[in-house]
Protein chains: 2
Amino acid sequence: MTYADFMNAPKRRDRAATRSALLDAARRRFAEHGFDGTGVREIAADAGVDATLIFRYFGSKQDLFDAALATEVPAGLGERAAGPVEFTDALVREVVLGDPAGNDGEHPLLLMLRSAGRPEVRARLHEEVCNGYLADLAARFDGEDAALRAELVGALLLGMGVMRAVVGSPVLPAADPERVRARVAAMVAALEA
Amino acid sequence: MTYADFMNAPKRRDRAATRSALLDAARRRFAEHGFDGTGVREIAADAGVDATLIFRYFGSKQDLFDAALATEVPAGLGERAAGPVEFTDALVREVVLGDPAGNDGEHPLLLMLRSAGRPEVRARLHEEVCNGYLADLAARFDGEDAALRAELVGALLLGMGVMRAVVGSPVLPAADPERVRARVAAMVAALEA
DNA sequence: GTCGTAAGTCATCGATCGATGACAAGGCTA
DNA sequence: TAGCCTTGTCATCGATCGATGACTTACGAC
């Protein structure tokens, strides 16, 4: 079989593979161009399937976005570390230093951030950040400024993700992860007082 | 004159006022819903004018966006403070603690962040952050990790802006500005070594 | 007061968007 | 191999988008 034959050969019919390809393409497109900047035809073209299948398999573009968000939210951070420094360190390794292409795309928070223009997305982002990450962080601080200190640590982590994924600064990907972790730990430790 | 008369009275023709109203409405809409999530008819409706005037006065929706970005870039940060702590403090007061409604809308960086799906906007965001703010910051640090330390401070500042303007966390607006400045200063000071 | 320029309004275009329904064809089962 | 359900394809809809050109009317110069 020649290469042209291979390229023109009819695709195997595989519901699971098609769904998965659509999800992967959607994650990449939504992460890079946001919800409003992404068209269903572009997603389908990236996945190599017909755009109509998006609606057959997911119902609507919004449902596809929700499905792309739902995949593998890391979760389970609460039990892993006690102090704010260790907790932050775990988040740094997971959110910021994690291989962007190796896992399955971008972190859900950064994916939502790119589509924060839509009210539902913003509401969910607010909920997950404030009542999730920030609450977990604040519980690990003592003193009356716990909320403020948690906010600053959260801002640092979120900012690092934005720097890498949105601004595209080359510093964090090129830096030694151990040094990054040490510097962040020093900043968080400076808040314990 | 009754209220109805006032409302139905023909508007005064004022080129400058119309242009300004369009710019203000555009800044608000673009900052909240992003470039792709904002329509010219919505901007015009907010400004109380006809959508056609956008094209007459600015040429295109993209040109209006550029004009909204161009207004009052703070600038002139380079000469104001020498050390990284003082420099950061100046940025905190200006970018994060500034009254969002009092000035003229959101900081240009946050406005670009909301429309980072568009390649031109992302390129400009990358340019201004990396070759502007981060370079200024890195020049104020000593040692070989200057770029990394500048990146972390930049991430903290950017993250604080995102927390307030995108995530909508109520902590920073409600917090005592002096305490915020003190905590941020402690985090930045922890990087000097 | 008249008149011309500029500001505002209206109708509408072509493209693109998400979404739908009818139709063709593959693949498993009997 | 015959039949049926599922998967993929095609044509197309209605809404909305940015943008254009012609028209109307207010305001200031003279």
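The residue numbering used here restarts from 1 in each chain and proceeds along that chain's sequence as written. Written order decides the labels, with chains lettered from A and ligands numbered from 1. Residues qualify for local features only when their pLDDT is at least 70, as the model is predicted, and side-chain atom pairs are given and counted only at 80 or more; totals for whole chains, interfaces and linings, by contrast, use all residues. To get the side-chain values, all heavy atoms of the structure are used, and hydrogens and water are removed first.

1. With respect to the protein's contact with DNA strand C
Stage number 1. Note on terminology: near, applied to a residue and a molecule or strand, indicates that one of the residue's heavy atoms is within 4 Å of it. Close to DNA strand C lie 18 residues, the nearest being Phe55 and Lys61 of chain A together with Arg13, Thr52 and Arg56 of chain B.
Stage number 2. The share of sugar and phosphate among atoms of DNA strand C within 4 Å of the protein is 46%.
Stage number 3. Think of a polar contact as two N or O atoms within 3.5 Å of one another; within protein, one of them needs to be a possible hydrogen donor and the other a possible acceptor, and neighboring residues in sequence only count if both atoms come from side chains. Take Arg15 of chain B: an N or O atom from its side chain is 3.1 Å from a phosphate oxygen of DNA strand C.
Stage number 4. Side-chain polar atom of Tyr57 of chain B to a phosphate oxygen of DNA strand C: 2.8 Å apart, as the coordinates give it.
Stage number 5. Runs of E in the DSSP output that reach at least two residues are strands. Runs of H or I that reach at least four are helices, and both are numbered from the N terminus. Those elements that place two or more of their residues in the surface near DNA strand C are α3 (40–47) and α4 (52–58) of chain A together with α2 (15–33) and α4 (52–58) of chain B.
Stage number 6. Per element, the largest residue contribution to the surface near DNA strand C is 4 residues, and it comes from α4 of chain B.
Stage number 7. Of the residues belonging to the surface near DNA strand C, the class tally is 4 nonpolar, 6 polar and 8 charged. Put simply, Ala, Val, Leu, Ile, Met, Phe, Trp, Tyr, Cys and Pro go in the nonpolar bin, Asp, Glu, Lys and Arg in the charged bin, and everything else, Gly too, in the polar bin.

2. Things to note about the interface of chain B and chain A
Stage number 1. Listed as interface residues are 46 residues of chain B and, on the opposing side, 46 residues of chain A.
Stage number 2. Buried area adds together the accessible area that both of two parts lose upon being put together, with accessible area traced by a 1.4 Å probe. Between chain B and chain A, roughly 4,100 Å² of surface is buried when both sides are summed, and carbon and sulfur atoms account for 68% of that area.
Stage number 3. Note on definitions: salt bridges are taken to be side-chain nitrogens of Lys or Arg within 4 Å of carboxyl oxygens of Asp or Glu. At the boundary of chain B and chain A, one finds 6 salt bridges.
Stage number 4. Taking the shortest distance from any N to any O, the salt bridge between Arg183 of chain B and Asp145 of chain A comes out at 3.4 Å.
Stage number 5. In this assembly, chain B and chain A are joined by 14 residue pairs in polar contact (both at pLDDT 80 or more).
Stage number 6. Mapped onto the side of chain B that touches chain A, the elements with two or more residues apiece are α2, α7 (108–114), α8 (119–138), α9 (146–167), α10 (171–174) and α11 (177–189) of chain B. Two residues qualify as a contact provided that any one of their heavy atoms is within 4.5 Å of a heavy atom in the partner residue.

3. Some points on the protein's contact with DNA strand D
Stage number 1. Taken together, 18 residues lie around DNA strand D, and Arg13, Arg56 and Tyr57 of chain A together with Phe55 and Lys61 of chain B are the ones closest in.
Stage number 2. Contacts to DNA strand D include Val40 of chain B, whose backbone N or O atom sits 3.1 Å from a phosphate oxygen.
Stage number 3. Class assignment of the residues belonging to the surface near DNA strand D gives a composition of 4 nonpolar, 6 polar and 8 charged.

4. Side note on α9 of chain B
Residues and elements named next belong to chain B.
Stage number 1. Any helix carries an expected span of 1.5 Å times its number of residues minus one. In this model α9 runs 29 Å from its N-terminal to its C-terminal C-alpha over 22 residues, within 8% of the 32 Å that 1.5 Å per residue would give.
Stage number 2. Each residue gets one of three labels from its accessible area relative to the maximum for its type: buried under 20%, exposed over 50%, partly exposed in between, using a 1.4 Å probe on protein chains only. Where burial is concerned, most of α9 is hidden: 21 out of the 22 residues are buried.
Stage number 3. Two residues or fewer after α9 comes Gly168, characterised by a positive phi angle close to 80°.

5. Things to note about the nonpolar core
Stage number 1. The nonpolar core is taken to be a set of buried Ala, Val, Leu, Ile, Met, Phe, Trp, Tyr and Cys residues, with the residues joined through side-chain atoms within 4.5 Å. Among the nonpolar cores identified, the biggest contains 125 residues, and Leu125 and Met160 of chain A together with Leu125 and Met160 of chain B are the most heavily contacted of them.
Stage number 2. Sequence-distant contacts of Leu125 of chain B, that is, excluding residues within four places in its chain, are made with Val166 and Val167 of chain A together with Leu109, Met112, Leu113 and Ala116 of chain B.

6. A closer look at the packing of α8 of chain B against α9 of chain B
All names here are of chain B.
Stage number 1. Orientation of α8 relative to α9, taken along the N-to-C sense of each, is 125°, at an axis distance of 8 Å. Judged on the interaxial angle alone, α9 and α8 are oblique. Judged by the twist between their axes, the crossing of α8 over α9 is right-handed. Here Leu134, Leu137 and Ala138 of α8 lie close against α9, whose contacting residues are Ala146, Ala147, Ala150, Glu151, Val153 and Gly154.
Stage number 2. Residues of the contact of α8 with α9, tallied by class, amount to 7 nonpolar, 1 polar and 1 charged. Note on geometry: axes are C-alpha line fits, over the in-contact stretch for helices, and angles between N-to-C directions span 0 to 180 degrees. Oblique is the label for every angle not falling under 35 degrees (roughly parallel), over 145 degrees (roughly antiparallel), or within 65 to 115 degrees (roughly perpendicular). Working rule for handedness: look at the near helix, and if it is turned counterclockwise from the far one by less than a right angle, call the crossing left-handed; if clockwise, right-handed.

7. Looking at the packing of aromatic side chains
Stage number 1. In this analysis, rings of Phe, Tyr and Trp, with Trp reduced to its six-membered ring, are considered paired at centre separations within 6.5 Å, and the interplanar angle assigns stacked below 30 degrees, edge-to-face beyond 60, and tilted for intermediate values. Throughout the structure, instances matching the rule amount to 6 aromatic pairs over all chains.
Stage number 2. Here Phe30 of chain B and Phe35 of chain B contribute two aromatic rings whose centre-to-centre distance is 5.6 Å and whose plane-to-plane angle is 15°, an arrangement assigned as stacked. Take Phe30 of chain B and Phe35 of chain B: they sit in the same class, and that class is buried.
Stage number 3. Plain terms: the ring middles of Phe35 of chain B and Phe65 of chain B are 5.3 Å apart, the flat faces sit at 90° to each other, and that makes the pair edge-to-face. Highlighted residues: Phe35 of chain B in the loop between α2 and α3 (40–47) and Phe65 of chain B in helix α5 (residues 61–70), separated in sequence by 30 residues. We note that Phe35 of chain B, like Phe65 of chain B, is buried.
Stage number 4. Within the aromatic cluster, the residues linked to one another by ring pairs are Phe30, Phe35 and Phe65 of chain A.

8. Observations regarding the side chain of Lys61 of chain A
All names here are of chain A.
Stage number 1. Take Lys61: it is sitting in helix α5 (residues 61–70).
Stage number 2. Buried and without a salt bridge, Lys61 has Asp36 as its closest oppositely charged side chain, separated by 5.4 Å.
Stage number 3. Setting aside residues up to four positions removed in sequence, Lys61 forms contacts with Phe30, Phe35, Asp36, Thr38, Val40 and Phe55. Charge counting treats Lys and Arg as positive and Asp and Glu as negative, with His and both chain ends excluded.

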